[in-house]
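Structural overview
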Amino acid sequence: EEGAKRVGFRDARGDASALMVFHNSDLGLPYPPSGAGISREDLLSCVRQGYYLPPRIGPDEQGGQYRGTVTAGVDVGKKCLYVVICWYPGGRQHLAYVGTVPNFEDLAPLFERFHVNSAVIDLNPETRKVRELQDKIPYLFACEFQPGDRSKGFELHMDRREMLVKMDRTMIFDRLAADVQTSQIVLPTNAESLCHGEMFKHLQCPVRMETESRGQRYFIWKERDSGHDDFFLSFVYSLVAEMVNPQPSIRQLG
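The notes below deal with the structure included here. (Residues numbered from 1 in each chain as written. Predicted model: local features only at pLDDT ≥ 70, side-chain atom pairs only at ≥ 80, totals over all residues. Heavy atoms only, no water.)

**Observations regarding the packing of helix α5 (residues 169-181) against helix α7 (residues 230-244)**
Note the threshold: Between N-to-C directions, angles cover 0 to 180 degrees, with each direction set by a line fitted to C-alpha atoms, over the stretch in contact for helices. Going along the chain from the N terminus, every DSSP run of H or I of four or more residues is numbered as a helix, and every run of E of two or more is numbered as a strand. Roughly parallel means an angle under 35 degrees; roughly antiparallel means over 145; roughly perpendicular covers 65 to 115; every other angle is labelled oblique. Whether two residues touch is decided by their heavy atoms; if any such pair falls within 4.5 Å, the residues are in contact. Here the term charged refers only to Asp, Glu, Lys and Arg, the term nonpolar to Ala, Val, Leu, Ile, Met, Phe, Trp, Tyr, Cys and Pro, and the term polar to all other amino acids, Gly among them.
Contact geometry of α5 with α7 gives a least axis separation of 10 Å together with a crossing angle of 95 degrees. By the criterion of interaxial angle, the relationship of α5 to α7 is roughly perpendicular. Listed contacts from α7 to Ile172, Phe173, Arg175, Leu176 and Asp179 of α5 are Phe232, Leu233, Phe235, Val236, Leu239, Val240 and Met243. Each residue belonging to the contact of α5 with α7 can be placed in one class, and the counts come to 10 nonpolar, no polar and 2 charged.

**Looking at the pairing of strand β2 (residues 70-76)**
Inclusion rule: To sort residues, take the accessible area from a 1.4 Å probe on protein chains only and compare it with the maximum for the residue type: under 20% means buried, over 50% means exposed, and anything in between is partly exposed. The pairing criterion is simple: DSSP has to find at least two bridges between the two strands.
β2 sits mainly inside the fold: 7 of its 7 residues count as buried. Neither face of β2 is left uncovered, since the one carrying Val70, Ala72, Val74 and Val76 and the one carrying Thr71, Gly73 and Asp75 both have all their residues buried. When β2 meets strand β3 (residues 81-87), the two strands line up antiparallel, connected through 7 bridges. Within β3, the residue paired with threonine 71 across the bridge is cysteine 86. Taken together, the 4 bridges between β2 and strand β5 (residues 118-122) define a ladder with parallel strand orientation. Looking at β5, one finds that threonine 71 is bridged to serine 118.

**Structural notes on the pattern of salt bridges**
Rules: Note on definitions: salt bridges are taken to be side-chain nitrogens of Lys or Arg within 4 Å of carboxyl oxygens of Asp or Glu.
Enumeration according to the criterion identifies 5 salt bridges in this entry. Here glutamate 192 makes a salt bridge to arginine 40, at a shortest N to O gap of 2.6 Å. Of this pair, glutamate 192 sits in the loop between β9 (185-186) and α6 (198-204) while arginine 40 sits in helix α2 (residues 40-44), and the two are 152 residues apart along the sequence. Lysine 201 serves as the salt-bridge partner of glutamate 198, at 3.7 Å between the closest nitrogen and oxygen.

**Some points on the packing of aromatic side chains**
Our working rule: Aromatic rings from Phe, Tyr and Trp, taking only the six-membered ring of Trp, are treated as a pair when their centres fall within 6.5 Å; an angle between ring planes under 30 degrees marks them as stacked, one over 60 as edge-to-face, and anything in between as tilted.
Scanning the entire structure with this criterion turns up 6 aromatic pairs. Relative to tyrosine 139, the ring of phenylalanine 111 has its centre 6.4 Å away and its plane inclined at 40 degrees; by these criteria the two rings are tilted. Of this pair, phenylalanine 111 sits in helix α3 (residues 107-113) while tyrosine 139 sits in the loop between α4 (127-136) and β6 (140-145), and the two are 28 residues apart along the sequence. Using a relative accessible area of 1% as the deciding quantity, one classes phenylalanine 111 as buried. Both rings, one in phenylalanine 145 and one in phenylalanine 173, keep their centres 6.1 Å apart while their planes meet at 85 degrees; by these two values the pair is edge-to-face. Separated by 28 residues along the polypeptide, phenylalanine 145 in strand β6 and phenylalanine 173 in helix α5 bring together distant segments of the chain. You can call phenylalanine 145 partly exposed: its relative accessible area is 30%. Take phenylalanine 173: its relative accessible area is 0%, and that puts it in the buried class. An aromatic cluster is present here, built from Phe145, Phe173, Phe232 and Tyr237 joined pairwise through their rings.

Geometry only, nothing functional implied.
Below, the structure is given as structure tokens:
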């Protein structure tokens, strides 16, 4: 196992107030309070007029080739797989594809069409199928969430031999929310109508709630009642795919 990789958060000792100060002062990012999440206004602020999802990523009309980072995140749903693909022209994250596919076998040709070079998929509940897919897609990591040690900040644990990555669920959800709230993700002009509006709904589903155990306050992300968060998780996995990519994007290096 390669061990832990620090990816942008530092010690705040599990204290929500300290974390808020760290985000606001050190990172210059908003920190969602209890009961908050990604809003419609946050998502609309990511929309770039005149930008539309590309039908594929590869040779352009002049014969050139995009050779940058292309990430994919896949959440395993009950009836289908929820897929998000992002690319990074100029080092900034752009949504390139969002949708569903019915079978695991549909992922490889979709990834080839967009020249994906780093991907992350939910390990559970279809562990066997995920492991079989990894035999066919060498750059595909499986992902598991595990409680993190808040005193160490956000850590991402990679095992390249097993192609497994683990991290704290709350902290990576915080990271995605911060990226959206600061418009680090470029969405297309028609973003609100994509997937019949389901993408926007899923991204607004999780909310950040404060809870307490053994006298310690901490935060968790929960789904709103009767909501679905599959595309939210797909964006999370795409974000993780950028982190584990051996050829980091300009945004990572900045």
